[in-house]
Amino acid sequence: MEDRIALYDLTYRQLSELLTGWGEPRFRADQVWHWLYNSLAGDFASMANIPKALRERLSTETELQLLTPLTELESASGQTRKVLFRLPDGNTIESVLMRYHDRRTACISTQVGCGMGCVFCATGQGGLARNLSAGEIVAQVIYLAREIRRVQLEQSTFQAGRSQVAVHPVSNIVLMGMGEPLANWAATWQAIETLTDSRGYNLGARRITLSTVGLVPGIRRMAQEGLPINLAVSLHAPNDELRSQLVPVSRNHSLADLMSAVREYGQKTGRRITFEYALIAGVNDSLELARDLAALLGGLLCHVNLIPLNPTPGSALQPSPREQVDAFSGVLEAAGIPSTVRMRRGIDIEAGCGQLRQRQSGIVVK
Ligand code: SF4
């Protein structure tokens, strides 16, 4: 494996250069790219329009399997599926598939662990092991897409041959799993460009949401790129003092700078900004803080997701009670800031950030 080229790590241009370097005609890259990202081929043998000699060379010199599923858990409702993957170097990451009536959303990881250290997060307590490569990010989506397509094909066969297979088995992506995407900029952005490439998976940029803890330079860079992907900012507090306690990395990025970058992103892309706010009992859920939050976000095209904290084992932090969540939400609504109380999906399968990996690796949160 070490000597082989991971195909999902290649940009279209790199794939094209590889194949033309092997003496193949230019159109061959289009064909292989189509097999990888449109047909979701899991092996080279199925690439029917690729000459046998090239398929053999691909199978000896390149690699398609970057991820090995170790554990797969399905929620009792059947709507949420969580997969723990082993990477080639033995590290593990996790991805979650959420099925809604109108979409199938993959929540994927961008790093092994995370170095941001948010005090309420299982992944943050374990620290950062390494960045994922672009291929390791893309491969999570491809794995889940294959699974969806396999089930759809089974169902369509069952339904007397009527094709029910979706063009985009994974219809939405949220970069909200383990890791901070903007701390792994190059690989994350390459993965986004690969998945939105019209020659392959061709996912609309508006169907992708990047969730960040608020790394200001990365948000400004996204604004320059001009892809209208959705931006979600994990805020968790409306003032610098409290925020720096909950999200230690925010000490490097004041709220004033963050809001300035966010407003720039909103103006450049025209996208509504989402703010994530984990409600922690007695810590950041007072009505005074709700009023401060409303003042901070005033005049911005935005939406607030209020998420009662997903408790992590061993942590004293607890979710806000329902009455407090409703009161907090009421203050925002009265100030004209739209908000939603987000359901904690898949709680029975440890679908909170980092929880499955944590259990598997035996990490204990202090
Ligand atoms: S909440 Fe996100 S940014 Fe914070 S430590 Fe966890 S994974 Fe990292």
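Residues numbered from 1 in each chain as written. Predicted model: local features only at pLDDT ≥ 70, side-chain atom pairs only at ≥ 80, totals over all residues. Heavy atoms only, no water.

## Details of the environment of S315
Defined as follows: Helix and strand assignments follow DSSP, with helices taken as H or I runs no shorter than four residues and strands as E runs no shorter than two, numbered in order from the N terminus. Pairing of N or O atoms within 3.5 Å defines a polar contact, subject to two protein rules: one partner must be a possible hydrogen donor and the other a possible acceptor, and residues neighboring in sequence count only if both atoms are side-chain atoms.
Along the polypeptide, S315 turns up in the loop between strand 13 (302-308) and helix 11 (322-334). For the pair formed by S315 and A122, sequence separation is 193 residues and the distance between their alpha carbons is 9.1 Å. Engagement of the side chain of S315 in a polar contact is seen with the backbone nitrogen of L317, the distance being 3.1 Å.

## Looking at unusual backbone geometry
Note the threshold: For every residue, the accessible area obtained with a 1.4 Å probe (protein chains only) is divided by the maximum for its type, and the residue is called buried under 20%, exposed over 50%, and partly exposed between those limits.
Within the chain, L40 stands out as a residue other than glycine whose phi angle is a positive 60 degrees. Along the chain, the position of L40 falls in the loop between helix 2 (27-37) and helix 3 (52-61). Classification of L40 as buried rests on a relative accessible area of 5%. Notably, N202 is not glycine yet its phi reads approximately 60 degrees, a positive angle. Within the fold, N202 resides in the loop between helix 6 (185-196) and strand 10 (208-212).

## Digging into the pattern of salt bridges
So the rule is basically this: By definition, a salt bridge exists where a carboxyl oxygen of Asp or Glu is found within 4 Å of a side-chain nitrogen of Lys or Arg.
In the structure shown here, the tally under the stated rule is 19 salt bridges. With a closest N to O distance of 2.8 Å, E72 and R81 form a salt bridge. By relative accessible area, R81 is classed as buried at 19%. Note that R150 and E147 form a salt bridge whose closest N and O atoms lie 3.0 Å from each other. One end of the pair, R150, and the other, E147, are both in helix 5 (residues 134-158), three residues apart, so they sit about a helical turn from each other. Through salt bridges with shared partners, one network takes in E72, E74, R81 and R99.

## Considerations on the packing of helix 7 (residues 216-225) against helix 9 (residues 255-269)
Applicable threshold: Fitted lines through C-alpha atoms serve as axes, helices being fitted only where they are in contact, and the angles separating the N-to-C directions of these axes extend from 0 to 180 degrees. Orientation is classified from the angle alone, with under 35 degrees giving roughly parallel, over 145 giving roughly antiparallel, 65 to 115 giving roughly perpendicular, and any other angle giving oblique. Left-handed is the label given to a crossing in which the near helix is rotated counterclockwise from the far helix by less than a right angle, and right-handed is the label when the rotation is clockwise. Contact between two residues is taken to exist if any of their heavy atoms lie within 4.5 Å; hydrogens are not considered. Throughout this entry, Asp, Glu, Lys and Arg are counted as charged residues, while Ala, Val, Leu, Ile, Met, Phe, Trp, Tyr, Cys and Pro are counted as nonpolar. The remaining residues, Gly among them, count as polar.
Put simply, helix 7 and helix 9 touch, their axes get as near as 9 Å, and they point 15 degrees apart. The angle between the axes of helix 7 and helix 9 places the two elements in the roughly parallel class. The element helix 7 and its partner helix 9 pack so that their crossing is left-handed. In this structure, helix 7 uses V216, I219, R220, M222, A223 and Q224 to contact helix 9, whose residues at the interface are D257, L258, S260, A261, V262, E264, Y265 and K268. Residues of the contact of helix 7 with helix 9, tallied by class, amount to eight nonpolar, two polar and four charged.

## Details of the confidence of the model for the protein chain
Definition in use: The predictor attaches a confidence to each residue, called pLDDT, with possible values from 0 through 100.
Of all residues in the protein chain, 90% have pLDDT values of 70 or greater, and the mean over the chain is 90. Low confidence marks residues 359-366, where pLDDT is under 50. Its contacts with residues over four positions away, or in another chain, come to eleven contacts.

## Notes on the side chain of S250
Following the sequence through the fold, S250 ends up in the loop between helix 8 (240-246) and helix 9. Here the side chain of S250 touches R243 through a polar contact of 3.4 Å, landing on its backbone oxygen. There is a polar contact of 2.7 Å between the side chain of S250 and the backbone oxygen of V247. Setting aside chain neighbours within four positions, we find S250 in contact with R243 and S244.

## Considering empty space enclosed by the protein
Operational definition: Think of a 1 Å grid over the protein atoms and nothing else: a 1.4 Å probe that fits but is trapped marks a cavity, an open set flanked by protein within 12 Å on at least five of seven lines marks a pocket, and residues with an atom within 4 Å of a point count as lining. Grid points are joined across faces, edges and corners, and a volume is the space filled by probe spheres set on the points.
Applying the stated criterion across every chain yields a total of two cavities of 30 Å³ or more. Looking at the lining of the largest cavity residue by residue, the classes come out as seven nonpolar, one polar and one charged.

## Structural notes on the packing of aromatic side chains
Defined as follows: Paired rings are identified among Phe, Tyr and Trp, the last through its six-membered ring, by centres lying within 6.5 Å, and are further divided according to the angle between planes into stacked (under 30 degrees), edge-to-face (over 60) and tilted (the rest). Ring-over charges, as used throughout, are those where CZ of Arg or NZ of Lys falls within 6 Å of the ring centre and within 35 degrees of the ring normal.
With the rule as written, the count across this model stands at six aromatic pairs. Seen from their ring centres, Y277 and F328 are 5.1 Å apart, and the 40 degrees between their planes marks the pair as tilted. Of this pair, Y277 sits in strand 12 (residues 273-279) while F328 sits in helix 11; the two residues are 51 residues apart in sequence, bridging distant segments of the chain. Judged on exposure class, the residue Y277 and its partner F328 are both buried. Against the face of Y12 rests R199, its NZ or CZ located 3.6 Å from the ring centre.

## Observations concerning the packing of helix 6 against helix 7
Look at helix 6 against helix 7: their axes get within 12 Å of each other, and the N-to-C directions meet at 30 degrees. Considering the angle they form, helix 6 stands roughly parallel to helix 7. In this structure, helix 6 crosses over helix 7, and the sense of that crossing is right-handed. Packed against helix 6, whose contacting residues are W185, W189 and E193, the element helix 7 presents G218, R221, M222 and E225 at the interface. Broken down by class, the residue content of the contact of helix 6 with helix 7 amounts to three nonpolar, one polar and three charged.

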